[in-house]
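# Analysis of the macromolecular model
Listed below, chain by chain, are the residues.
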Amino acid sequence: MASTIKGSRRRGIALHVVLVLGLLLSAFPFYWAVIMSTRTSTEIFSYPPKLLPGSHFGENVRHLFDNIDFFGSMLNSLLVAVSVTVLVLFFDSLAAFVFAKFHFPGRGVLFGLLMAIFMVPAQLAAIPQFVIMAKIGWIGSMTALIVPAAANAFGIFWMRQYMKGAIHDELLDASKLDGAGFLRQYWHVALPVVRPGLAFLGIFTFMAQWNDYAWPLIALTNPDNVTLQVALSQLNGNHGTTDYGMVMTGALLALIPLLIVFAIGARQIIGDLAKGAVRE
């Protein structure tokens, strides 16, 4: 008995050591970004590398704000990312609810078509999408970023799979007996149950839109509407003259909204899962 307890303790200690090492390895790139944002380019490429923060963060911030409209481009990114996230959560969850819990002619064919679209690389759609946006007259405006991304195949697939296991048919049958229609079932029965799935999809969508670079670079011909990622790319100088301290400062500041969204979404996921565990 004693040997069994000692063995379990050793395994527990070994597991915690591995987890701590994994945490340190995962956090090191963020720490290194902080270091580089407080150094000059000369100090960044010095040998041996400097592992402690420097004293040039304020200078790098001033250079950053002098070279690009940081807050204006951040506001544009927030507008696009928040709008797309809200639309994706609504349309994808609504479509997933239909695919998961309702039977109708052609459901299998439509879902197979959806999966085929899911497997097509987004880069293949860039040219026809640009042509369509140009004919509509949306090129140069943020509408060209928001409307095409308002729904996606991945979100529908993810929420369908989540709803199939999370929403019991008995709940829907009971709501029907109470006179609930489709929209009421969706809003009052389905959505409260699948909040963890929605939280994950919201985090995933916001991060994808916030970090998107290729399509905003193509579609946003108006310099006043550029997103943050496009604006940060303008900091790369020519002929090896890039101020890497300034670039890393911009990248570090651009991470702040992502960390806030991730913290809020992760708290929602963990809280709902904990409530479910207590109920079980």
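First things first, this report covers the structure right here in the doc. (Residues numbered from 1 in each chain as written. Predicted model: local features only at pLDDT ≥ 70, side-chain atom pairs only at ≥ 80, totals over all residues. Heavy atoms only, no water.)

Within the protein one finds 14 helices and zero strands. For the protein, the N- to C-terminal ordering of α and β elements is α-α-α-α-α-α-α-α-α-α-α-α-α-α. Relative to the compact-globule value of 19 Å for 280 residues, the protein shows a C-alpha radius of gyration of 24 Å, a clear excess of over 25%. Across the 280 residues that make up the protein, the buried fraction comes to 36%. Residue pairs in contact within the protein that sit at least 24 positions apart in sequence constitute 74% of those at least 6 positions apart. When the accessible area of the protein is evaluated, it comes to approximately 17,000 Å², of which 69% is carbon and sulfur surface. (Helix = DSSP H or I, 4+ residues; strand = E, 2+ residues; numbered from the N terminus. Rg over C-alpha atoms; globule rule 2.2 N^0.38 Å. Buried < 20%, exposed > 50% of the residue type's maximum accessible area, 1.4 Å probe, protein only. Contact = heavy atoms within 4.5 Å. Areas by Shrake-Rupley, 256 points an atom, 1.4 Å probe, with all protein chains shown as cover.)

Right, let's get into the layout of surface pockets. Approximately 1,100 Å³ is the volume attributed to the largest pocket. Forming the walls of the largest pocket are 31 residues, and the residues nearest its centre are A122, Q129, A149, N152 and Q209. Where the lining of the largest pocket is concerned, the elements lending two or more residues are helix 4 (70-101), helix 5 (107-118), helix 6 (126-136), helix 8 (153-166), helix 11 (195-211) and helix 12 (214-219). Residue composition of the lining of the largest pocket, grouped by class: 24 nonpolar, six polar and one charged. (1 Å grid on protein atoms, 1.4 Å probe; cavity = no way out; pocket = protein on both sides within 12 Å on 5 of 7 lines; lining within 4 Å. Points joined across faces, edges and corners; volume = space filled by probe spheres on them. Nonpolar A, V, L, I, M, F, W, Y, C, P; charged D, E, K, R; others polar.)

The next subject is unusual backbone geometry. That bond from Y47 to P48 is cis: its omega, 0 degrees, falls within 30 degrees of zero. You can see P48 is positioned in the loop between helix 2 (41-44) and helix 3 (57-67).

In this fold, F71 is placed in helix 4. For F71, a relative accessible area of 55% corresponds to the exposed category.

On the surface, I13, V17, V20, L21 and L24 cluster together to form a nonpolar patch covering roughly 470 Å² of accessible area. Counting through the fold element by element, V20 comes out in helix 1 (residues 2-37). The exposure class assigned to V20 is partly exposed, which follows from its relative accessible area of 45%. (Patch = residues over 30% accessible without salt bridge, like charges linked within 9 Å, V, L, I, M, F, W, Y side chains within 5 Å. Salt bridge = Lys/Arg side-chain N within 4 Å of Asp/Glu carboxyl O.)

A few words now on the nonpolar core. The nonpolar side chains of soluble globular proteins are, as a tendency, buried together. F97, M159, M163, I167 and V194 are the most contacted members of the largest nonpolar core, which has 28 residues in total. When residues of this core are traced back to their parent elements, those giving at least two are helix 4, helix 7 (143-146), helix 8, helix 10 (182-193), helix 11 and helix 12. Examining the composition of this core, we find that seven residues originate from one element, helix 4, more than from any other. Setting aside its immediate chain neighbours within four residues, F97 contacts F102, M163, I167, L172, F182, Q185, Y186 and A190. (Core = buried A, V, L, I, M, F, W, Y, C linked by side-chain atoms within 4.5 Å.)

The full count for this structure, using the stated rule, is two salt bridges. One salt bridge connects K101 with D169, and the closest N-O pair in it is separated by 3.2 Å. Placement of the pair is K101 in helix 4 and D169 in helix 9 (residues 169-177), with a sequence separation of 68 residues. What makes K101 buried here is its relative accessible area of 15%. Relative accessible area serves as the criterion here: at 43%, D169 is assigned to the partly exposed category.

Taken by themselves, the reported measurements are silent on function.
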